[in-house]
Amino acid sequence: MLNQTKSRALFERAKQVIPGGVNSPVRAFKSVGGTPVFMQKGDGAYLIDADGNRYIDYIGSWGPFILGHNHPAVVEAIEHTLHHIGTSFGAPTELEVEFAELISSLMPSMQMVRLVSSGTEATMSAIRVARGFTGREKIIKFEGCYHGHGDSFLIKAGSGALTLGAPDSPGVTKGTAQDTLNATFNDIESVRKLVRENPDQIAAIIIEPIGGNMGVVPARQDFLQDLRDLCTTENIVLIFDEVMTGFRVALGGAQSLYGVTPDMTTIGKILGGGLPVGAYGGRKDIMSRVAPAGDIYQAGTLSGNPLAVSAGLATLKFLRDHNPYPDLEAKGKMLEEGFRENLNKLDLNLCLKRVGSMMCLFMTEQDVVDFKTATSSDTKKYAAYFHAMLERGIYLAPAQYEAMFFSIKHGDAELEKTIQANYDALQAIYQRAALTS
Ligand SMILES: *Cc1c(COP(=O)(O)O)cnc(C)c1O
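Because the structure is a prediction, the values reported are computed rather than measured. (Residues numbered from 1 in each chain as written. Predicted model: local features only at pLDDT ≥ 70, side-chain atom pairs only at ≥ 80, totals over all residues. Heavy atoms only, no water.)

Moving on: the overall build of the chain. When you go through the chain residue by residue, the secondary structure sums to 14 helices and 18 strands. In summary, the chain has a C-alpha radius of gyration of 22 Å against a globular reference of 22 Å for 437 residues, a match within 12%. In terms of its C-alpha atoms, the chain occupies a principal-axis envelope of roughly 65 × 55 × 45 Å. In the chain, buried positions account for 56% of the 437 residues. When contacts within the chain are restricted to residue pairs at least 6 apart in sequence, long-range pairs at least 24 apart make up 72% of them. A total accessible area of about 18500 Å² is found for the chain, and carbon and sulfur atoms account for 51% of it. Counting 41 positive and 48 negative side-chain charges, the chain places the averaged centre of each group 4 Å from the other. (Helix = DSSP H or I, 4+ residues; strand = E, 2+ residues; numbered from the N terminus. Rg over C-alpha atoms; globule rule 2.2 N^0.38 Å. Buried < 20%, exposed > 50% of the residue type's maximum accessible area, 1.4 Å probe, protein only. Contact = heavy atoms within 4.5 Å. Areas by Shrake-Rupley, 256 points an atom, 1.4 Å probe, with all protein chains shown as cover. Lys, Arg positive; Asp, Glu negative; His and termini not counted. Charge placed at Lys NZ, Arg CZ, Asp CG, Glu CD.)

Summarising the element assignment, S377 is placed in the loop between α12 (371-374) and α13 (379-391). Exposure remark for S377: the relative accessible area of 8% places this residue in the buried category. A distance of 2.7 Å separates the side chain of S377 from the backbone oxygen of A374, its partner in a polar contact. For S377, the contacting residues outside a window of four places in its chain are F362, M363, T364, Q400 and Y401. (Polar contact = N/O pair within 3.5 Å; in protein donor to acceptor, adjacent residues only side chain to side chain.)

Spatially, the three strands line up as an open sheet ordered β15-β16-β18, and their pairing is antiparallel. Strand pairing shows two members of the sheet lacking a second neighbour, β15 (351-355) and β18 (404-405), which therefore form its edges. Here strand β16 (residues 358-362) runs beside β18; their pairing, made up of two bridges, is antiparallel. Looking at β18, one finds that M358 is bridged to F405. (Pairing = 2+ DSSP bridges.)

Applying the stated criterion to the full structure yields 18 salt bridges. The salt bridge involving K193 is made with E197; its shortest N-O contact spans 3.1 Å. Here E197 and K193 lie together in helix α6 (residues 188-197), a separation of four residues that amounts to about one turn. If you follow the salt bridges from partner to partner, you end up with R228, D263, R283 and D285 in one network. (Salt bridge = Lys/Arg side-chain N within 4 Å of Asp/Glu carboxyl O.)

Across all of its chains, the model carries zero disulfides by this definition. With no disulfide of its own, C351 has C360 as its nearest cysteine by sulfur position, at a separation of 8.0 Å. On the basis of relative accessible area, C360 is assigned to the buried category, the value being 3%. (Disulfide = S-S within 2.5 Å.)

The next point concerns the packing of α6 against helix α7 (residues 221-234). Between α6 and α7, the least distance of the axes is 10 Å, while the angle of their chain directions is 15°. Classified by the angle between their axes, α6 and α7 sit roughly parallel to one another. The way α6 lies across α7 gives a crossing that is right-handed. Taking contact as the criterion, the partners of I188, V191, R192 and V195 in α6 are, on α7, F223, D226, L227, L230 and E234. Split by residue class, the contact of α6 with α7 holds six nonpolar, no polar and three charged. (Axes fitted to C-alpha atoms, helices over the stretch in contact; angles between N-to-C directions. Parallel < 35°, antiparallel > 145°, perpendicular 65-115°, else oblique. Left-handed = near helix turned anticlockwise from the far one by under 90°. Nonpolar A, V, L, I, M, F, W, Y, C, P; charged D, E, K, R; others polar.)

Near the ligand you find S118, G119, T120, Y146, H147, G148, E208, N213, D241, V243, M244 and K269, and these make up its full shell. Within the backbone of Y146, one N or O atom sits 3.3 Å away from a nitrogen atom of the ligand. In this structure, N213 approaches the ligand through a side-chain N or O atom, which is 3.2 Å from an oxygen atom. Relative to its unbound accessible area of 380 Å², the ligand is 83% covered by the protein chains. Within the shell around the ligand, the residues separate by chemical class into three nonpolar, six polar and three charged. (Near = heavy atom within 4 Å.)

Following A291, the chain continues to P292 via a peptide bond in cis, the omega torsion being 5°. Mapped onto the fold, P292 is located in the loop between α9 (284-287) and α10 (306-322). At W62, a residue that is not glycine, the phi angle is positive and equals roughly 70°. Note on placement: W62 falls in the loop between β3 (54-57) and α2 (72-84). Residue W62 is classed as buried on the basis of its relative accessible area, which comes to 18%. The backbone of N186 sits at a positive phi, close to 70°, despite the residue not being glycine. Residue position: N186 is located in the loop between β8 (180-183) and α6. The class of N186 is buried, set by a relative accessible area of 9%.

Below, the structure written as structure tokens:
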């Protein structure tokens, strides 16, 4: 058993003053049970908790740490800015211009870029701009996709609520809910139907091109291309939410992998290299409507602050100059093949999905292609698996519907240990004897 004395005490203290003891719900162990592990420090591929336990980290702060914790290039950039520049001015700086130019060069569909401080801010702002630009009010999103906690996105796709919209969270008004329509991921007919039923009313279609918030669920290429064509025909703004996939699956994001160009893109996570940065951008004619160039308002006191921007700049420059993607793909292949071999040995048919350095083992035998198939997973089994992995020093997301991320710092030793832990954990929770070996 792990010694969690300090984590337990901290959690009791935290619950008195912070709702649920955490500053973001996914950090709590609600769906897997037990006490959240309080972290003391990060080190490359590792996390060390308050009790001194060491884990191989597969969350990477929920996406940002493609370079691992405390990468020297990022630490140096932050230190330099801290000591020689400053943390925030509320006035423009050269760093922001350089950052926007770099983003635009890596993701050419982002002809103009506006920096914000989180992924949520990016998506909220992007749909406001799409609405202002088109003069339309409704948006289409996909069941199982997550776009941050903006009111418009907290709409669940219950079967009866599909067209009317029912708030997923108390506090979201009916009016807001009615303007968000939910379609089925990978099902272009479900989108066409909504567009037909709401003629000239859809401002934007927003999608995660690789669903990363219902596990890992890649869109089919033809589906994204059909979406692109539909949006062009209907004058709908196509928004790729690449807050997770941007700079993760490829330097140019999922849009470069699929060869489908959105009108607008939202990014975050890796973009800030571990500091709070988000951005939205896209076609020049659309982005020119953003204040003060245009009339659609959006602002931020700490937007583009030098400290966060330098962490982001150092991260993106490192990715551009060192191209770690082939290496990350090789690591991913090793991990995936190791897991598949384990599943074979244990005669388990669980669904495993991976794109680059994001992967998900679903506790279901169905092929996961959308929200419905994703939620056929046995979450009780996942909870047992999660704890069995934690005991073995592997820190996974404490929920089935999350991606497993790894970094350039995850070497052969870490991956081999993870593959062995995966075997032992699956064998224990499914109580299987190996068929071979
Ligand atoms: C994480 C995430 C967001 C929200 O970003 P925050 O920085 O948590 O506000 C939005 N969209 C996607 C696809 C995400 O993965």
